[in-house]
Amino acid sequence: VIKQDGGRRKSKVSRDADIEIENLYKAIPQLAKVFRITDKIGEGTFSSVFLGEAQMHDGRRAMFALKHLIPTSHPTRIAAELQCLTVAGGTESVIGATYCFRKEDHVVIVMPYMEHQAIVDIIGSLTFEEVRLYIYHLMKALRHVHQFGIIHRDIKPNNFLYNRKSNTYALVDFGLAQGTADTQIELLKVVRQRAALKGGGPMGKQDTAQRSKAPPRPPPKTTTASTSLPPRPSTSLLHSSSSSSSSSATRKSLVKKARCVSTTVPTSASRTNHTKDLSGLRKQPRPVFGERNLNSCTPAAATTKPAAIKAELVKSSKTEDPANRRYCAAGRGPLPVRTQSASQKPQRAVQQGLTCSCYQSDRVCNICMSRKPQVAPRAGTPGFRAPEVLTKCPNQGTAIDVWSAGVILLSLLSGRYPFFKASDDLIALTQIMTVRGSRETIRAAKAFGKAVACSRELPRQDLRTLCETLRGRRPSPDEVTPLPEANRDSTSTRLHNIQDATPTHRPAEQHKDGAGENPSSLSSALPNQQEVRNSEPDCKVELDERGWDRVPDEAYHLLDRLLDLNPGTRMTAAQALQHPLFKDL
Amino acid sequence: KTSGKAGSAAKQGFQKCKAGRISKPFVKVEDSSRHYRPISLTMPNMPVFNLKTLPPCSPFFVHDKVNPGIKQQGHRGVKASASEERTNVRKKKRGGYCECCLIKYENVSMHLKSERHKDFSKSDEYLVVDQLVSTLHCNFLHIKSQVERMKCSVS
Ligand SMILES: Nc1ncnc2c1ncn2[C@@H]1O[C@H](COP(=O)(O)OP(=O)(O)O)[C@@H](O)[C@H]1O
Ligand SMILES: [Mg+2]
Ligand SMILES: [Mg+2]
Ligand SMILES: [Zn+2]
Ligand SMILES: [Zn+2]
């Protein structure tokens, strides 16, 4: 049968697909009783997706996408993905699961087939209206999964399918999903607990795949004692413990509060114990669900920490001069003790005593370099990672998906895919800074507990100018745009705004309106073109322009709010749906 | 010591940091708790917008030779998308990490045949999947697969 099928095909590629199809039939013979598998339609990082046709009990024939997961996936991960699909999927442009087949380690998730065009292939021909609708439906899908406490973690065009003819959309691929602290997806909770018990490393799947050439990371020695960022803090441990007037406060402010507080939680204690379980795992470059443990913790830790942390936060923000540093370190002393689990020892105290003066300077010394590396979830696709992911913020929430959606919008508005292209997280962060500004990034990072220094000042770009230039709608200079080299050591501008980090204060909104109100290197480097958007539309021209001659300011305003560097103030998917850009939808 | 991450960057021509002054231009990130090792990276070539790149490729010129990316993408045909290329690269390596056995492997098919993995694949670890599946309804009609497949593939 293989031979016959294969002979029919012309290219080597499809013959390869046929071999894979036959192997799949062999791996799960049950499939052959139900499906006629005709093609391979996708290969993601950890799966192969096939096209299958089946006859239903009601007599109709239907097409399905059969996702064959790599058999090295842990069953709990597989089950969590399946549960996301069955619980949250099937509506709101989120793909559902029709069924699932398993034989031993081979699992196939059956989903309705969604014919689609790869964004990378159609990005040059999309109309602005298509982009607007695409983002709108993406936001609907995100709002929906976020309501279930699912952080998708891998939002990118390949995972948000688009059928141009039928104007349909499908969010797929919950293979990297994580639960928020109050997730409704049981298995995402289970995973959290498992991970907490097992301990583990920071690596996400794709992350590991990418870095397979790189030397394995030093094994993580600690875990953070904090909950993951709750998108719906009203029921989260963190929230209930950190606020007594929970019900009266608005959701937004709670989210902000939770974010701000939790993101500055110092590690509870170094996991310096060497129990059998942990030391075994620690040798592994990527323990099962390793990164999930970062957002998990013992309930005790979650309930006891926040108040203390808030105090800590203010202190550490003020401890710029060495004299204060001791106080700060001393202030942290009791925390590890209080939050330690039975298996953790306060060995950290010794190291904590050793302070150095490298903080926010252009130096590192043996003291700070001997500290343990911080571990934080970073699964996902490099160019789509939010700043809080890139800077290893241990508490990450649904806002990371919104950032990724913002990157998609940036990509679609500028006609560039991928937009960010970086092999390293700090390169990715720098690329973000070239768009959003280094000062702005430094300020935002401070709000989530990270001190970022960039030796060069990178000015924030005006988003419209940037997108129109990259789209070729504005003349571009002959040469690579030289960015101003201020060579200002940014560490000199540090810590000017403690309020940014204080949950009760609204951080200064530096760029509330992203459209065209700030000087930028691009607009100054380029001849400033006259507005053409409001000129009388010539029908023919309009067709050719596909709406790109009249992109409303709202589009860039939304982009600005999705690409808010601070997850605490970043727009949520629910808020995005209320944005004026979508007022007629 | 720096993280593996910086190590990989070093391979690509970026400098990982050592004790001392960090050469410019650099980016440094520290947790404000100061409990963790700072991460920093010297980038001899800071990312800049390369406005000579044509849509749809990334505006960031990639300087490292390991990752020539951009030029090819601009010229690629419809089907040979960026994602597909990554896939092909990955296929060739095939190495990875097994979440079930908690070990790294060089060759996935070899690993799947190993005793350790086979034991795991027959274990009741998969009950969590089965349990979920048992809540789903199978609405598929059974077909005679062999005959059916040949018939259809001819048509
Ligand atoms: N329901 C579906 N209908 C059509 N194509 C799909 C469907 N699900 C996945 N695909 C295709 O397969 C690719 C990989 O699937 P995905 O679930 O993202 O797997 P991975 O986790 O390996 O990335 C997708 O990018 C898409 O092209
Ligand atoms: Mg995918
Ligand atoms: Mg995936
Ligand atoms: Zn130091
Ligand atoms: Zn295995």
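Predicted, not measured: the structure shown is a model, and the values here were computed from it.

Undergrad: Could you give me a rundown of the site of ligand 1, with the residues and numbers involved?
TA: Residue and element names in this part refer to chain A. Taken together, 20 residues sit near ligand 1, with Gly44, Ser47, Lys67, Asn158 and Asp173 positioned nearest. A distance of 2.9 Å separates a nitrogen atom of ligand 1 from a polar atom in the backbone of Met114. Asn159 places a polar side-chain atom, nitrogen or oxygen, 2.9 Å from an oxygen atom of ligand 1. In isolation ligand 1 has 540 Å² of accessible area, and contact with the protein removes 92% of it. When the residues that make up the shell around ligand 1 are grouped by side-chain class, the tally is eleven nonpolar, seven polar and two charged.

Undergrad: Break down the environment of Val375 of chain A for me, with residues and values.
TA: Looking at the secondary structure, you find Val375 of chain A in the loop between helix 16 (366-369) and helix 17 (387-390). Between the C-alpha atoms of Val375 of chain A and Ala97 of chain A, which are 278 residues apart in sequence, the distance is 33 Å.

Undergrad: Hey, could you go over the sheet that holds strand 4 (residues 99-103) of chain A for me, with residue numbers and the actual values?
TA: Residues and elements named next belong to chain A. Spatially, five strands are ordered 1-2-3-5-4 in an open sheet, and the strand pairing comes out antiparallel. The two strands at the open ends of the sheet, each matched to only one other strand, are strand 1 (35-44) and strand 4. Geometrically, the sheet is characterised by an average inter-axis angle of 25 degrees between neighbouring strands, direction not taken into account.

Undergrad: Give a description of unusual backbone geometry that names residues and reports values.
TA: The peptide bond linking Lys24 of chain B to Pro25 of chain B adopts the cis configuration, its omega dihedral lying at -5 degrees. Assignment of secondary structure puts Pro25 of chain B in the loop between strand 2 (20-21) and strand 3 (26-31). Residue Pro56 of chain B is bonded to the preceding Pro55 of chain B through a cis peptide linkage, with omega at 5 degrees. Along the chain, Pro56 of chain B falls in the loop between strand 4 (39-42) and helix 2 (70-75). One non-glycine residue with positive phi stands out, namely Gln360 of chain A, at about 60 degrees. You can see Gln360 of chain A is positioned in the loop between helix 15 (348-353) and strand 12 (363-364). Judged by relative accessible area, which is 6%, Gln360 of chain A ranks as buried.

Undergrad: Got a sec to walk through the packing of aromatic side chains? Specific residues and values, please.
TA: Residue and element names in this part refer to chain A. All told, the structure shown has 19 aromatic pairs over all chains when counted by the stated rule. Seen from their ring centres, Phe35 and Phe64 are 6.0 Å apart, and the 75 degrees between their planes marks the pair as edge-to-face. You can see Phe35 sitting in strand 1 and its partner Phe64 sitting in strand 3 (residues 61-69), a full 29 residues away along the chain. The same class applies to Phe35 and to Phe64, which are both buried.

Undergrad: Give me the confidence of the model for chain A: which residues, what numbers.
TA: Residue and element names in this part refer to chain A. In the predicted model, chain A carries a mean pLDDT of 71, and the fraction of residues at 70 or more is 58%. Confidence drops under pLDDT 50 across residues 195-350; counting only partners more than four residues distant or on other chains, this segment forms 346 contacts. Per-residue pLDDT stays below 50 along residues 479-520; that stretch engages in 99 contacts with residues further than four places along the chain or on separate chains.

Undergrad: How would you sum up the nonpolar core? Please name residues and give values.
TA: One finds Phe35, Ile135 and Ile150 of chain A together with Phe140 of chain B to be the most contacted residues of the largest nonpolar core, which totals 137 residues. Of the residues forming this core, the biggest block, eleven residues, is contributed by helix 6 (residues 128-147) of chain A. Residues contacting Ile150 of chain A, with those up to four places away along its chain left out, are Cys84, Ala88, Val145, Phe174, Ala177, Gln178, Thr183, Ile185, Leu188, Thr398 and Asp401 of chain A. In this structure, Cys356, Cys368 and Met369 of chain A together with Phe26 of chain B belong to the second largest nonpolar core, which totals nine residues.

Undergrad: Summarise the confidence of the model for chain B; cite the residues concerned and give the values.
TA: All names here are of chain B. Taken as a whole, chain B shows an average pLDDT of 74; of its residues, 59% reach a score of 70 or greater. Low confidence marks residues 1-13, where pLDDT is under 50. Its contacts with residues over four positions away, or in another chain, come to 32 contacts. Here residues 148-155 scores under 50 on pLDDT; set against residues more than four positions off or in separate chains, the count is 16 contacts. Interface scoring of the predicted complex returns ipTM 0.80; its pTM is 0.72.

Undergrad: An account of the coordination of the zinc ion (ligand 4) is needed here, citing residue identities and associated values.
TA: Residue and element names in this part refer to chain A. Ligation of the zinc ion (ligand 4) by protein atoms is provided by Cys356 (SG), Cys358 (SG), Cys365 (SG) and Cys368 (SG), these donors lying 2.3 to 2.4 Å from the ion. One chain supplies every donor for the zinc ion (ligand 4), spaced along it as C-x1-C-x6-C-x2-C. By relative accessible area, which is 1% here, Cys368 ends up buried.

Conventions adopted
- Numbering of residues starts from 1 in every chain and runs along the sequence as written.
- Whichever chain is written first becomes A and whichever ligand is written first becomes 1, with later ones labelled in order.
- Local features in this predicted model are restricted to residues whose pLDDT is 70 or higher, and side-chain atom pairs enter the listing and the counts only when it is 80 or higher, whereas totals over whole chains, interfaces and linings include all residues.
- Side-chain numbers come from the whole structure's heavy atoms, not from hydrogens or water.
- Throughout, near means a residue has at least one heavy atom within 4 Å of the molecule or strand.
- Polar contacts, as used here, are pairs of N or O atoms within 3.5 Å; protein pairs need one atom able to donate a hydrogen and one able to accept it. Residues neighboring in sequence count only if both atoms are side-chain atoms.
- Shrake-Rupley sampling with a 1.4 Å probe provides the accessible areas, and residues are treated as covered by the protein chains on show and by no other component.
- Under the convention adopted here, Pro, Cys and the residues Ala, Val, Leu, Ile, Met, Phe, Trp and Tyr are nonpolar, Asp, Glu, Lys and Arg are charged, and Gly plus all remaining residues are polar.
- Put simply, DSSP marks the helices as runs of H or I at least four residues long and the strands as runs of E at least two long, and each gets a number from the N terminus on.
- Being paired, for any two strands, means DSSP has found at least two bridges between them.
- Fitting a line to C-alpha atoms yields each axis, with helices limited to the stretch in contact; the angle taken between N-to-C directions then spans 0 to 180 degrees.
- Residue burial is assigned from relative accessible area. The probe radius is 1.4 Å, only protein chains are included, and a residue is buried under 20% of its type maximum, exposed over 50%, and partly exposed in between.
- Aromatic pairs are defined between Phe, Tyr and Trp rings, using the six-membered ring for Trp, whenever the two ring centres lie within 6.5 Å; interplanar angles under 30 degrees are classed as stacked, those over 60 as edge-to-face, and all others as tilted.
- Think of pLDDT as the predictor's per-residue confidence, scored from 0 to 100.
- Only heavy atoms enter the contact rule, under which two residues are in contact if any of them lie within 4.5 Å.
- For this analysis, a nonpolar core means a set of buried residues of the types Ala, Val, Leu, Ile, Met, Phe, Trp, Tyr and Cys, connected via side-chain atoms within 4.5 Å.
- Note that water is not among the atoms used; donors are N, O and S atoms within 2.8 Å of the metal (3.2 Å for Na, K and Ca), so sites may look incomplete.

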